[in-house]
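# Report on the structure
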Amino acid sequence: MRRGFLSAAGFARRPLRRALVAAVALAAVGAVGAAAATQTGQASAQNAAAGQQTALAAPGAARTFPLLARKSTGHLYDYEAKGTGGFQAQADLGGGFGDASALVQANVSAGGTGNDLYYRMGGTLYYTAEEGTDTKVIGGGWDAYNLLVSAGNMGGSADPDLVARDAAGALWLYQGKPDGSFQTKIRIGSAGWNGMNQIVGRGDFTGDGKSDLIARGTDGTLYVYPGTGTATADATLGTRITVGKGWEAYKQLVSTGDNNGDGKADLIGSDAAGALWLFKGTGDPKAPFAARVQIGTSGWAGFDTLF
């Protein structure tokens, strides 16, 4: 079990949960600001240390992350991986998340073992470390992007990165820093990315040890964009690989890393009927995913965001 996600009650005591709820409440009355965001996140070191996280995977093996899900009411739920495929029973993390226009997980704090959160309120991006004591303002102007994706480590640094898509359809890489802030952005896709209605990261899907991106076109075709492991403008992604057609059947796609415990990053899809499907990663770029396995029977269509 991951630290800070042992139960809804435990998460409610975490700075992550408290900071986000307070920020949402303040935003509702137009009062979110840098000072307020910092103050709302303060909590004791004892709370930050509650619980124990599972050991990190061996070098080269994919990490396992929880799945977070938000309903249109703003209610948030945590689903911990079983470790063999699928998820344990949900933990209710509470309401107040409806005004966040973007929600992204990233393992930045505590040497990469914390399960942290970036969230956007209006045009401002905030960061709250699970293993920390405050919420910080990353900066304004983030409403210039119509998509934010947790991308793992794409640029070769030690910390996870963020990928953003602008209104013109260009893709930008923000390399992470240990404090949750970012290096200067670089362009990794010049145009055309608005033709993708789903972009997923946080996994190596080709078996070369480098983080990749998955994208689905509006015609339902799924692609893997292999990461090169370098933060070089317009050269961070290699030539795309076509996975196949028919992926429009899934309302949402998400990766939580290695869901079934075999050391390879997997893909998860929720269909229009509310079922949840696991596509086990193979590590083979010619056929990145095995045949789907159902891991949830109903109810998943009720979430407007899986991350």
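Below: a short report on this structure. Everything quoted here is computed from the prediction, not taken from an experiment.

A volume near 560 Å³ is recorded for the second largest pocket. In terms of lining residues, the second largest pocket is bounded by 28 residues, among which Leu103, Leu148, Thr305, Leu306 and Phe307 are the most central. For the lining of the second largest pocket, the leading source of residues is strand E12 (residues 196–203), giving six residues. Tallied by class, residues from the lining of the second largest pocket come to 13 nonpolar, 10 polar and five charged.

Another aspect to go through is the sheet that holds strand E15 (residues 241–244). Reading across from one edge, E12-E13-E14-E15 is the order of the four strands in this open sheet, with antiparallel pairing throughout. Every interior strand has two partners, whereas the edge strands, E12 and E15, have only one. Strand after strand, the sheet turns through a mean of 25° between neighbouring axes, direction not considered. Note: strand E14 (residues 222–225) against E15, three bridges, orientation antiparallel. Counterpart to Leu222 in the pairing with E15 is Gly244.

Before going further, it helps to spend a moment on the pattern of salt bridges. Tallied over the full model, the rule gives four salt bridges. The partner of Lys136 in a salt bridge is Asp179, with the nearest N and O atoms 3.9 Å apart. Here Asp179 lies in the loop between strand E10 (171–174) and strand E11 (186–189) and Lys136 lies in strand E7 (residues 135–139), a separation of 43 residues in the sequence. We classify Lys136 as partly exposed; its relative accessible area is 24%. Between Asp219 and Lys245 there is a salt bridge; the shortest N-O distance is 3.8 Å. One end of the pair, Asp219, is in the loop between strand E13 (212–217) and E14; the other, Lys245, is in the loop between E15 and strand E16 (250–254), and 26 residues separate them in sequence. With a relative accessible area of 65%, Lys245 lands in the exposed category.

Conventions and cut-offs
Sequence order sets the numbering: in each chain, residues are counted from 1 along the sequence as written. Note on the predicted model: pLDDT of at least 70 is required for a residue's local features to be given, and 80 or more for side-chain atom pairs to be given and counted; whole-chain, interface and lining totals, by contrast, use all residues. With hydrogens and water set aside, each side-chain value is computed from the structure's full complement of heavy atoms. The definitions used throughout rest on a 1 Å grid laid over the protein atoms alone, on which a cavity is an enclosed set of points accommodating a 1.4 Å probe that cannot get out and a pocket is an open set flanked by protein within 12 Å on both sides along at least five of seven lines; lining residues are those having an atom within 4 Å of a point. Grid points are joined across faces, edges and corners, and a volume is the space filled by probe spheres set on the points. In DSSP terms, a helix is any run of H or I states spanning at least four residues, a strand is any run of E spanning at least two, and both are numbered starting from the N terminus. All residues other than Ala, Val, Leu, Ile, Met, Phe, Trp, Tyr, Cys, Pro, Asp, Glu, Lys and Arg, Gly among them, are scored as polar; the first ten of these are nonpolar and the last four charged. A pair of strands counts as paired when DSSP detects no fewer than two bridges linking them. Under this scheme, a helix contributes an axis fitted over its contacting stretch, all axes are lines through C-alpha atoms, and angles between N-to-C directions fall in the 0 to 180 degree range. Any carboxyl oxygen of Asp or Glu that lies within 4 Å of a side-chain nitrogen of Lys or Arg is treated as forming a salt bridge with it. We call a residue buried when its accessible area falls under 20% of the maximum for its residue type, exposed when it is over 50%, and partly exposed in between, using a 1.4 Å probe and counting protein chains only.

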